[in-house]
Amino acid sequence: MPDEKENGAGKRTGLLTTVKETVKQDLAGLKPALLEKGKEELDALKEPEKTQLFRSIFRVKRDETPRSRALSVLTNVFFHLHPAKINRDAVRYSYTWGMGGMSFYLFLVLTITGVLLMFYYHPTKGQAYRDILYLHHDVPFGQLLRNMHRWGAHLMIIAVWLHMMRVFLTGSYKRPREFNWCVGVILMVLTMLLSFTGYLLPDDQLGFWAVTVGTNMARATPLLGHEGPFGPQLGMTAFNDVRFALLGGSIVDANALLRAYIWHCIAIPLIASVFMGVHFWRVRKDGGISGPAPVMLESEMKEEKKGPRPVILRPSGTR
Amino acid sequence: MWGDWHQLWQIVSVPDNVPIVALLFLVPFYTWYGFREAFKHDRLIAQLEADPAMAKTHHRKPYPFKTGWERELHVWPYLMRIEFLAAVILTVLLMVWSITLNAPLEEPANPNLTMNPSKAPWYFLGLQEMLVYFDPWIAGVVMPTLIIVGLMAIPYVDANPLGNGYYTYKQRKFSIWAFLIGFLALWCVMIVIGTFIRGPGWMWFWPTQTWDHNRLDFAVNRNLHEIFGIENRWLAMGFGASVVGLFFIVAGYLMHRLCMVTEFSRKIYQRMTLLQIITLHTLLILMLSLPAKMAARLLFRIKYVLVTPWFNI
């Protein structure tokens, strides 16, 4: 028994030496190979677009062939709102003014800054105003964040109006884009409502009185307001009319603040996102951006066609 | 004599008024920009109409084009780089604006301390300015609804097939005038008035005139039927209703004459269905009712045209 023990221990020592030696041998053999391999892989990193990681994300070769250029638009979920090719004149700034794209970009900026602001804001009376002061004085870049949100909102309204003006002046609302113009009008109204509901949130004098003035008009809604034509006759009072529904009370107070907050941060952005999806999708389905189209002469005006028209006049991407 | 420039500066430099100052420059600029393109196209149209042979071969855009040039561009990179550039410029602009100017924050909301003047956000000031001339149910509810409905109706009442997808003034004079009067003369100008001119008590203060909080406005406005000495309530109501009706008829007739001015507009008019004509005229007459009521108030100091126990117009 003791022998066995000794033997066993001796065997173990032997095994350890063997392992050590084998590893040493392996390393000696591996050293040049490893260096070579590492160098090779480092060199490969100089062309990151050939790595598996890159290819798994982008899937398309990055070169200047027409095929790759088209595919880089078509295979990217963010870019595929665009067609692969557009008319050479359609990129002219003097035609598009870029206002629609800028409105959308500002919407994204407002979403990001808005989400960040939400981390610091409580939609409750007493706390809301303090949160703004906190943002101004203690939160790193808090003031900048709030400024960007407010000025971005103002810019977005201007951009949306100018977008509407451009679309009107180029007659782009005409067939087949009538419906998309209507969607755009709704989006414009939603933009102004977004800004208006946000106006109350700092809970300061400016917002309070602006929203008071604004919602006081709802009192006068015909039939549905208690000061509107035929409102009193229909049993409207300050406690059951449309203004009460907007404010969650008969004055601008805690409930109004909460309602403004929910409309501003959740409801209207959701609704607007759906309409934006439709708006962009229809731009493509209605034949892409409207122009600049070749001018049509008065002598070429055709008789109005009667009867139903095809739903999609031109498949997307073709012109 | 030189006026109160400090007062003007105080109004202009209110942070929330900066967008309107921007609007003062941006809207005229883009109007000019659009019209420049429109006139460019109009010249080409005139050229092509005069020369049918050229109309057959020309590529029909005022932009340069040579045979052999690609008609289409790849979105990547030719459009994407513009979009990227626009995003960068806009971000820089927004950053600089946000660093240099702080968003306004007044004292905490206090229902017992009314701000004077208390103004709606600037983009609704047009509606608030309308309150001077109309009761709230018209200015605050009916008019906004009509603006939205009217805008959405545009593609369905505009029977002019020309000018689809390019700037032109010559081929769409009527619709462009209608839109620009609505957007520039009524909407934008009302916003500017509401911002720069309306002071305490929503009274009219010219730019550089000091805002006097003690100024009183002795309104001498009267209702239309009082001018004509009608005292019976029912008679006055009938009189007011007929004046409103008369306005519709006269304005409708004027609008009709306007649609008949040129050969071209007569041609477009003939293409319209009855429903289109009625909708177009109703909307335009209702739009015209704003300047009409403004004129009645400012020139003749008329408060209401039609007085009923339920509503006043």
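Computed from a predicted structure; not experimentally measured. Residue positions are counted from 1 within each chain, in the order its sequence is given. Ligands are numbered from 1 and chains lettered from A, in the order in which they are written. The predicted origin of the model limits local features to residues at a pLDDT of at least 70 and limits the giving and counting of side-chain atom pairs to 80 or more, whereas totals for whole chains, interfaces and linings rest on all residues.

Focus on the overall build of chain A
Rules: Strands are runs of DSSP state E lasting at least 2 residues, helices are runs of H or I lasting at least 4, and numbering of each runs from the N terminus. The size measure is the radius of gyration over C-alpha atoms, and the globule rule it meets is 2.2 Å times the number of residues to the 0.38 power. The exposure scheme places C-beta atoms from the backbone and then counts, for each residue, the other C-beta atoms within 10 Å of its own, assigning buried at 20 or more, exposed at 12 or fewer, and partly exposed in between. Each residue is represented by a C-beta atom placed from its backbone, and any two residues with such atoms within 7 Å are regarded as in contact.
Counting secondary structure elements, chain A contains 11 helices and one strand. A compact globule built from 319 residues should have a C-alpha radius of gyration of about 20 Å, whereas chain A, at 33 Å, is more than 25% larger. Taking the principal axes of the C-alpha coordinates as reference, chain A spans close to 115 × 65 × 40 Å. By the burial criterion, 38% of the 319 residues in chain A qualify as buried. If you take every contact in chain A between residues at least 6 apart in sequence, the share linking residues at least 24 apart comes to 60%.

Description of the overall build of chain B
Secondary structure assignment for chain B yields 12 helices and one strand. Sequence-ordered secondary structure for chain B, helices as α and strands as β, is α-α-α-β-α-α-α-α-α-α-α-α-α. Here chain B has a C-alpha radius of gyration of 25 Å; the compact-globule value for 313 residues is 20 Å, and the former is much larger. Taken along its principal axes, the extent of the C-alpha atoms in chain B is 75 × 55 × 40 Å. Partitioning the intrachain contacts of chain B with sequence separation of at least 6 by distance along the chain shows that 69% fall at a separation of at least 24.

Thoughts on the interface of chain A and chain B
Quick reminder of the rule: Under the convention adopted here, Pro, Cys and the residues Ala, Val, Leu, Ile, Met, Phe, Trp and Tyr are nonpolar, Asp, Glu, Lys and Arg are charged, and Gly plus all remaining residues are polar. Here the rule is simple: two strands pair whenever DSSP picks up at least two bridges between them.
Listed per partner, the contact involves 85 residues of chain A and 83 residues of chain B. Within the residue set of the side of chain A that touches chain B, elements represented by two or more residues are α3 (66-74), β1 (85-87), α5 (99-118), α6 (127-137), α7 (142-169), α8 (178-200) and α9 (205-219) of chain A. If you tally residues by element for the side of chain A that touches chain B, the top one is α7 of chain A, at 17 residues. Of the residues belonging to the side of chain A that touches chain B, the class tally is 50 nonpolar, 21 polar and 14 charged. Where β1 of chain A and strand β1 (residues 72-74) of chain B come together, three bridges link them in antiparallel fashion. Paired with Ile-86 of chain A across the bridge in β1 of chain B is Leu-73 of chain B.

Here we look at the nonpolar core
Generally speaking, a soluble globular protein has its nonpolar side chains buried in company with each other. How we decide: Residues enter a nonpolar core if they are buried, belong to Ala, Val, Leu, Ile, Met, Phe, Trp, Tyr or Cys, and are joined to the set through C-beta atoms within 7 Å.
The biggest cluster of nonpolar side chains holds 99 residues, and the ones touching the most others in it are Leu-106, Met-156, Ala-159 and Leu-200 of chain A. Looking at this core, the element that brings in the most residues is α7 of chain A, giving 17 residues. For Leu-106 of chain A, the residues in contact, after removing those within four places along its chain, are Gly-152, Leu-155, Met-156 and Ala-159 of chain A. One finds Ala-296, Tyr-304, Val-305 and Leu-306 of chain B within the second-largest nonpolar core, a separate group that totals six residues.

Considerations on the confidence of the model for chain B
Worth spelling out the cut-off: pLDDT runs from 0 to 100 and stands for how confident the predictor is about each residue.
Looking at chain B, the pLDDT average stands at 88 and 99% of residues meet or exceed 70. With a pTM of 0.88, the predicted complex shows an ipTM of 0.93.

Re the packing of helix α2 (residues 18-50) of chain B against helix α8 (residues 173-197) of chain B
Residue and element names in this part refer to chain B. Under the convention used in this document: Note on geometry: axes are lines fitted to C-alpha atoms, helical ones only across the stretch in contact, with angles between N-to-C directions running from 0 to 180 degrees. Any angle between 65 and 115 degrees counts as roughly perpendicular, while under 35 counts as roughly parallel, over 145 as roughly antiparallel, and the rest as oblique. The hand of a helix crossing depends on one turn: near helix anticlockwise from the far one by less than a right angle means left-handed, and clockwise means right-handed.
Orientation of α2 relative to α8, taken along the N-to-C sense of each, is 160°, at an axis distance of 11 Å. Put simply, α2 runs roughly antiparallel to α8. The chirality of how α2 crosses α8 is left-handed. For the pair α2 and α8, contact is made by Ile-20, Leu-23, Leu-24, Val-27 and Thr-31 and by Leu-184, Cys-188, Ile-191, Val-192 and Thr-195, respectively. A class-by-class count of the residues in the contact of α2 with α8 yields eight nonpolar, two polar and no charged.

Things to note about α7 of chain A
Residues and elements named next belong to chain A. Just so we agree on the cut-off: Multiplying one less than the number of residues by 1.5 Å gives the expected span of a helix.
For α7, with 28 residues, the first-to-last C-alpha span of 40 Å sits near the 40 Å given by 1.5 Å per residue. Across the 28 residues that make up α7, a large majority, 25, are buried. Downstream of α7 by one or two residues, Gly-171 has phi in the positive range, about 60°.

With respect to the confidence of the model for chain A
Residues and elements named next belong to chain A. Residues with a pLDDT of 70 or more make up 91% of chain A, whose mean pLDDT is 86. Across chain A, α5 holds the top mean pLDDT of 96, while helix α1 (residues 2-45) sits lowest at 77. pLDDT under 50 marks residues 310-319. Its contacts with residues more than four places away, or in other chains, come to 13 contacts.

Looking at α2 of chain B
Here α2 of chain B contains 33 residues, and its C-alpha end-to-end distance of 48 Å stays within 8% of the 48 Å for a straight helix at 1.5 Å per residue. The set of residues buried in α2 of chain B consists of Pro-19, Ile-20, Leu-23, Val-27, Gly-34, Glu-37, Ala-38, His-41, Leu-44, Ile-45 and Leu-48 of chain B. Elements that come into contact with the buried residues of α2 of chain B comprise α4 (93-96) and α7 of chain A together with α3 (52-57) and α8 of chain B.

Side note on the packing of α7 of chain A against helix α5 (residues 80-100) of chain B
Relative orientation of the contacting elements α7 of chain A and α5 of chain B amounts to 125°, with a least axis distance of 9 Å. As summarised for this structure, α7 of chain A and α5 of chain B are arranged oblique, according to the angle between their axes. For the pair α7 of chain A and α5 of chain B, the sense of crossing is right-handed. Within the contact between the two elements, α7 of chain A uses Leu-144, Asn-147, Met-148, Trp-151, Gly-152 and Leu-155 of chain A and α5 of chain B uses Leu-94, Trp-97, Ser-98 and Ile-99 of chain B.

Comments concerning unusual backbone geometry
With the exception of glycine, the majority of residues adopt a negative phi angle, and the majority of peptide bonds are in the trans configuration. Geometrically, the link from Arg-175 of chain A to Pro-176 of chain A is a cis peptide bond, its omega value of 10° lying close to zero. If you trace the backbone, Pro-176 of chain A turns up in the loop between α7 and α8. Following Trp-76 of chain B, the chain continues into Pro-77 of chain B via a peptide bond in cis, with omega recorded as 10°. Looking at the element boundaries, Pro-77 of chain B is found in helix α4 (residues 75-78).

A short note on the environment of Met-54 of chain B
Residue and element names in this part refer to chain B. Along the chain, Met-54 falls in helix α3. We classify Met-54 as partly exposed; it has 13 C-beta atoms within 10 Å. Along the backbone, Met-54 and Pro-111 are 57 residues apart, and their C-alpha atoms lie at a distance of 71 Å. Those residues in contact with Met-54 that sit more than four places away from it in its chain are Gln-47 and Leu-48.

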